[in-house]
Amino acid sequence: MQTYLDVSQENGKALMMRGIKGEVIMLNLLRFRQQADYSDCPELIPTESTQQLMSGRAAYDLYVAHTLPHLAAAGSEVLLSAKGGQFLIGPSDEHWDWVILVRHRSVESFMSFASNDHYLAGMGHRKAALADSRLLVLEPSPQTNLTPAP
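In this text the structure is predicted, and so the values were computed from the model without any measurement.

So, about the pairing of strand β3 (residues 95-104). Two elements, strand β1 (residues 24-32) and β3, share 7 bridges in a ladder whose sense is antiparallel. Bridging across to β3, L27 finds its partner in L101.

All right, on to the nonpolar core then. Core analysis: the biggest nonpolar cluster contains 29 residues, and Y38, Y60 and L130 have the highest contact counts within it. Residue assignment for this core shows that the elements contributing at least two residues are β1, α3 (56-73), β3, α4 (107-114), α6 (123-129) and β4 (130-138). When neighbours within four sequence positions are excluded, Y60 is seen to be in contact with L30, F32, I100, R126, A129 and L130.

A word on the packing of aromatic side chains. Throughout the structure, instances matching the rule amount to 4 aromatic pairs. Between F32 and Y60, the ring centres sit 5.6 Å apart and the planes meet at 55°, which makes this aromatic pair tilted. Taken together, the positions of F32 in strand β1 and Y60 in helix α3 put the pair 28 residues apart, joining distant regions of the chain. Both residues of the pair, F32 and Y60, count as buried. On the basis of an interplanar angle of 50° and a centroid distance of 5.2 Å, the ring pair of Y60 and Y63 is categorised as tilted. Taken together, the positions of Y60 and Y63, both in helix α3 and 3 residues apart, correspond to about one turn of that helix. According to the relative accessible area criterion, Y63 is buried, its value standing at 8%. The structure contains a cluster of three or more aromatic residues connected by ring pairs, namely F32, Y60, Y63, F113 and Y119.

Quick notes on the rules
Residues numbered from 1 in each chain as written. Predicted model: local features only at pLDDT ≥ 70, side-chain atom pairs only at ≥ 80, totals over all residues. Heavy atoms only, no water. Pairing = 2+ DSSP bridges. Helix = DSSP H or I, 4+ residues; strand = E, 2+ residues; numbered from the N terminus. Core = buried A, V, L, I, M, F, W, Y, C linked by side-chain atoms within 4.5 Å. Buried < 20%, exposed > 50% of the residue type's maximum accessible area, 1.4 Å probe, protein only. Contact = heavy atoms within 4.5 Å. Phe/Tyr/Trp six-rings, centres within 6.5 Å; stacked < 30°, edge-to-face > 60°.

Pasting the structure below:
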């Protein structure tokens, strides 16, 4: 089973080629590890004793605490953070532990946020926390009325 934790070069290029003007909303689907794995970034382990007991969810909370100031500085905001579960429509054996919607002013604003060295310094918490993830870039529609015309 393939997992997805990082943006590929091809997908980053495809996002830029979409030519989205204006704000974007990022749909994050997250599946946590049962136990956090800091083997790729031991310098971020809060304490030796905590690492042995830290869940993926707890490690993700550290990532969120690190990330929120950088989101705010970029003019971005979390619109929704919610517990997930199994799909109502979709594969019955697939679940996502957590769902987050984040609004960015533009693709360029998102890219600037995502490449900020201070933000990147805490990315190890995310990697330690997650078993798998998805990130879908949503382009808000100018049409807000979803009711059919009479």
